[in-house]
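The chain contents come next:
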Amino acid sequence: MELIRIKGRGISKGIAGGEVLLSEDPISFLGNVDPQTGKIVDPDHCLFGKNIAGKVLVFPHGKGSTVGSYVIYQLFKNGVAPVAMVNLECEPIVAVGAIISEIPLVDGLESNPFEMLEDGMNVNVNGNEGWLETKD
């Protein structure tokens, strides 16, 4: 299988790989996610009932309260955080949460991740150099 590397912008340093979990909806970490379990608890969210723990979480951007940064950190401390995150366009709440939790995060990919990724695909995220890599 051919490796495909898509360049973007590194937001939070680190390298991680895992299974993709796609969310077409933005995520408010304060309210959408249970920090004890990593489960999406908002019944109106497209990922309702799914768990983000150990996944490469791909979502457009964060939304909501600045407390969301600390919820990401709680997820990390509780061992239920995503292994990496990919945004279309990252905003400060998610960026700070990823940085303090040492979760690799990239955004601004050259290709739209929603057009090329599927749930369950294995990808690598490199926040140091700013890219995502997938097998074709």
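Everything below is about the structure printed above this text.
Per-chain numbering applies: the sequence of each chain, read as written, is numbered from 1 onward. Reporting in this predicted model follows two pLDDT cut-offs: at least 70 for local features of residues, and 80 or more for side-chain atom pairs to be given and counted; totals over whole chains, interfaces and linings ignore these cut-offs and use all residues. Only hydrogens and water are set aside when side-chain values are computed; all heavy atoms of the structure are taken into account.

1. Let's talk about the packing of helix 2 (residues 68-77) against helix 3 (residues 92-101)
Rules: Throughout, an axis means a line fitted to C-alpha atoms (over the contacting stretch in the case of helices), and angles, computed between N-to-C directions, take values from 0 to 180 degrees. Labels follow the DSSP assignment, with helices taken as runs of H or I lasting at least four residues and strands as runs of E lasting at least two, numbered in each case from the N terminus. When describing relative orientation, an angle under 35 degrees is termed roughly parallel and one over 145 degrees roughly antiparallel, while 65 to 115 degrees is termed roughly perpendicular and anything else oblique. Crossing handedness is read from the near helix: turned anticlockwise from the far helix by less than a right angle, it gives a left-handed crossing, and turned clockwise, a right-handed one. Residues count as neighbours in contact if any of their non-hydrogen atoms are within 4.5 Å of one another. Amino acid classes used here: Ala, Val, Leu, Ile, Met, Phe, Trp, Tyr, Cys and Pro are nonpolar; Asp, Glu, Lys and Arg are charged; the rest, including Gly, are polar.
Running from amino to carboxyl end, helix 2 crosses helix 3 at an angle of 30 degrees, the nearest separation of the two axes being 7 Å. Judged by the angle between their axes, helix 2 and helix 3 are roughly parallel. Handedness of the helix 2/helix 3 crossing: right-handed. Note on element contacts: helix 3 touches helix 2 through P92, I93, V94, V96, G97, A98, I100 and S101, opposite G68, S69, I72, Y73 and F76. Of the residues that constitute the contact of helix 2 with helix 3, the class distribution is nine nonpolar, four polar and no charged.

2. Quick look at the sheet that holds strand 8 (residues 131-135)
For the record, the criterion: Only strands joined by at least two bridges in the DSSP assignment are considered to pair.
What the eight strands build is an open sheet, ordered 1-8-7-3-4-5-6-2; its pairing is mixed. The sheet terminates laterally at strand 1 (3-7) and strand 2 (9-12), the two strands that pair on one side only. Across the sheet, the mean angle from the axis of one strand to that of its neighbour is 30 degrees, orientation sign disregarded. Here strand 1 runs beside strand 8; their pairing, made up of five bridges, is antiparallel.

3. Describing the pattern of salt bridges
For clarity, the cut-off: The salt bridge criterion pairs a side-chain nitrogen of Lys or Arg with a carboxyl oxygen of Asp or Glu, the two atoms within 4 Å. Classification of residues uses two cut-offs on accessible area relative to the type maximum, computed with a 1.4 Å probe and protein chains only: under 20% is buried, over 50% is exposed, and between them is partly exposed.
Here the structure, examined in full by the defined rule, presents three salt bridges. A salt bridge links D107 to R9, with the shortest nitrogen-to-oxygen separation between them at 2.7 Å. Taken together, the residues span a long stretch of sequence, with D107 in strand 6 (residues 105-107) and R9 in strand 2 at a distance of 98 residues. The partly exposed category is assigned to R9, whose relative accessible area is 46%.

4. Overview of helix 2
This is how the line gets drawn: Think of it as the arc spanned by the lines of direction from the helix axis to the C-beta atoms.
For helix 2, the complete set of buried residues consists of G68, S69, V71, I72 and L75. Down the axis of helix 2, the smallest arc covering the buried residues is 165 degrees, so these residues share one side. In helix 2, those exposed residues whose orientation departs by more than 90 degrees from the buried face are Y70 and K77. At its buried positions, helix 2 is contacted by helix 1 (29-32), strand 5 (84-87) and helix 3. G79 sits one or two residues past helix 2 and shows a positive phi near 75 degrees.

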